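Examining the three-dimensional arrangement
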Amino acid sequence: MAMPLHLSLRLGGYLFKQKLLRREKFPILVELEPLFACNLACAGCGKIAHPAAILKQRMPVEQAVNAVVETGAPMVSIAGGEPLMHKQIDEIVQQLLDKHKIVFLCTNAVLLPKHLHRFKPHRNFAWIVHIDGLRERHDASVCKEGVFDQAIAAIKQAQAAGFRVMTNTTFFDTDTPQDVIDVLDYLNDELGVDNMQISPGYAYERAPDQEHWLGPAQTKALFAKAFSDGRRKKWRLNHSPIFLDFLEGKVDLDCTAWAIPSYSIKGWQRPCYLLDDGYVETYKELLESTDWDAFGRGKDERCANCMAHCGYEPTAVVATLGSLRETIRAAVGS
């Protein structure tokens, strides 16, 4: 099972309510970015390419919490930048938990040992640590030696303190199926993280590295080989079976980016956190003023190589809970 049972039931109940209300577009998870500043300069991320004036900004606690509450989404993923550089990040997390949100705090984990004491384990809270491969591969991705060892030590410290810990791994065209297997085997079997998320790299417009993104054919070939021989079933992947089928090329899905909207110090980003077609003040305005039919593979040339979770995972989740067969499949393993 991808998530603990109580979280799966919470999400299922929320989606069932949307169906009863006959809502066609609704949020499932909010990508919250309370800052763009970071303590690393990763090759595949362009957040720190923003002007210095923007990098100095920090989203007020009330603004961050109100944005999530406005949507009604049950889950929020707090990213950046590096969230632990926000002096009030613990207050943002606690207030969201107090409002019964499921909170994931994304971090490169370099600052985690210093700030772990500011947080308390909670059944609705998890750390998501970025691990882009084993030692050499990860350090090359973040452009700094020693970060892999720091991240692994921080994960072990958080685990020992009773926290739920997940990982997020991005793969590029330099990765082989064996690279995928090696890092997921390590995270799943040796490190014993609770869940793992995976993503094919997408060409951020501001990212320093513009040469190593995966296209759809490469993505499907990579994951089809990595998932073979029953490996997919043993890994604790935090994805629906349908989304994993999508990565392998077994099914096709439409983009539903409105279900994982992105809110940052600039506002609600249109249409998703990967594309930047401007910002609006409210989620309602984002829904109503965006031509959602214009985005997705085969519709917008910028989306041609995208198989990212923000557009296609929510499609898979809704399809899963709309089918008894797929619901059972997700519950017992893919």
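Here, the structure is the one placed above.
Read on for an overview of the structure. In this text the structure is predicted, and so the values were computed from the model without any measurement. (Residues numbered from 1 in each chain as written. Predicted model: local features only at pLDDT ≥ 70, side-chain atom pairs only at ≥ 80, totals over all residues. Heavy atoms only, no water.)

Next up on the list: the packing of aromatic side chains. Scanning the entire structure with this criterion turns up 15 aromatic pairs. Each ring, one from Y14 and one from F26, has its centre 6.2 Å from the other, and the planes form 75°; the classification is edge-to-face. Of this pair, Y14 sits in helix α1 (residues 5–20) while F26 sits in the loop between α1 and β1 (29–33), placing them 12 residues apart in sequence. Taking the relative accessible area as the measure of exposure, F26 reaches 8% and is therefore buried. Three or more aromatic residues joined by ring pairs form one cluster here, namely F119, F125, W127 and F163. One cation-aromatic arrangement involves R297 over Y312; the distance from NZ or CZ to the ring centre is 5.7 Å. (Phe/Tyr/Trp six-rings, centres within 6.5 Å; stacked < 30°, edge-to-face > 60°. Helix = DSSP H or I, 4+ residues; strand = E, 2+ residues; numbered from the N terminus. Buried < 20%, exposed > 50% of the residue type's maximum accessible area, 1.4 Å probe, protein only. Lys NZ or Arg CZ within 6 Å of the ring centre and 35° of its normal.)

Looking now at the environment of A109. Here A109 shows up in the loop between β3 (102–107) and α5 (112–115). With residues near it in sequence (within four places) discarded, A109 still touches E82, V129, Q150, A151 and A154. (Contact = heavy atoms within 4.5 Å.)

With that out of the way, let us pick up the side chain of S262. The residue S262 is located in strand β7 (residues 262–264) in this model. Sequence-distant contacts of S262, that is, excluding residues within four places in its chain, are made with E31, E33, G267, W268, Q269 and Y273.

Okay, the packing of helix α3 (residues 61–71) against helix α4 (residues 89–98) next. At a minimum axis separation of 9 Å, α3 and α4 run at an interaxial angle of 35°. As α3 packs across α4, the resulting crossing turns out to be right-handed. From α3, V61, A64, V65 and V68 reach across to α4, where they touch E91, I92, Q95 and L96. (Axes fitted to C-alpha atoms, helices over the stretch in contact; angles between N-to-C directions. Left-handed = near helix turned anticlockwise from the far one by under 90°.)

The next subject is the pattern of salt bridges. Under the counting rule described, the total for this entry stands at 13 salt bridges. Residues joined by salt bridges that share partners form a network here, namely R232, D245, E248 and K250. (Salt bridge = Lys/Arg side-chain N within 4 Å of Asp/Glu carboxyl O.)

Proteins that are soluble and globular tend to have nonpolar side chains buried together. Counting 103 residues, the largest nonpolar core has I78 and W127 as its most contacted members. In this structure, I78 is in contact with L32, P34, P83, I89, I92, V93, L96, V103, F104, L105 and C106, ignoring residues within four places of it in sequence. (Core = buried A, V, L, I, M, F, W, Y, C linked by side-chain atoms within 4.5 Å.)

Read these as geometric descriptors, not functional statements.
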